[in-house]
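Okay, here's what each chain looks like letter by letter:
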Amino acid sequence: EPHRPYHRPPLSKGVLTGKVNPLATYLKKDNFYEENRIDVFTDVLATDLDTSAKTISLNDGRILNYEKCLLATGGG
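If you're wondering where the values come from, they're calculated on a predicted model, not measured in any experiment.

Peer 1: Help me understand the layout of surface pockets in this model?
Peer 2: Quantified by volume, the largest pocket comes out at close to 1,100 Å³. Phe41, Val44, Ala46, Leu70 and Ala72 are the residues nearest the centre of the largest pocket, which is lined by 29 residues in total. Secondary structure elements with two or more residues in the lining of the largest pocket: strand S1 (46–50), strand S2 (55–58) and strand S3 (63–65).

Structure (structure tokens):
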């Protein structure tokens, strides 16, 4: 997705009805990620997880190294 992490429930319960501003659904303010040295990747897909090499390949050609990996599908 092109957006930073956001709460999904308000989308159907408020944003789509016009009662909630979409910006209010973001989990953290922009500066939170930089201040906490968190890299947020948007508009990319993970295409490969190599647990032996401890790398994640992205569809834009980047390969990320990791120390520990948590795979959370459907989280939100």
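Peer 1: Can you help me understand the pairing of S1 in this one?
Peer 2: Consecutive residues of a regular strand have side chains that alternate between opposite faces of the sheet. For S1 and S2, the ladder comprises four bridges, and the chain directions are antiparallel. By the bridge assignment for S2, Ala46 is matched with Leu58. Counting the residues that bridge the hairpin from S1 to S2 gives four residues, and of these Lys54 lies at a positive phi of roughly 55 degrees.

Peer 1: Got a minute to help me understand the packing of aromatic side chains in this structure?
Peer 2: Each pair of aromatic rings is reported with the distance of its centres and the angle of its planes. Scanning the model with the defined rule gives one aromatic pair in all. With a centroid separation of 5.4 Å and an interplanar angle of 85 degrees, the aromatic rings of Phe32 and Tyr33 are classed as edge-to-face. Classification of Tyr33 as buried rests on a relative accessible area of 10%. One cation-aromatic arrangement involves Arg4 over Tyr26; the distance from NZ or CZ to the ring centre is 3.7 Å. Cation over ring: Lys28 sits above Phe32, and NZ or CZ is 4.8 Å from the ring centre.

About the thresholds
- Residues numbered from 1 in each chain as written.
- Predicted model: local features only at pLDDT ≥ 70, side-chain atom pairs only at ≥ 80, totals over all residues.
- Heavy atoms only, no water.
- 1 Å grid on protein atoms, 1.4 Å probe; cavity = no way out; pocket = protein on both sides within 12 Å on 5 of 7 lines; lining within 4 Å.
- Points joined across faces, edges and corners; volume = space filled by probe spheres on them.
- Helix = DSSP H or I, 4+ residues; strand = E, 2+ residues; numbered from the N terminus.
- Pairing = 2+ DSSP bridges.
- Phe/Tyr/Trp six-rings, centres within 6.5 Å; stacked < 30°, edge-to-face > 60°.
- Buried < 20%, exposed > 50% of the residue type's maximum accessible area, 1.4 Å probe, protein only.
- Lys NZ or Arg CZ within 6 Å of the ring centre and 35° of its normal.

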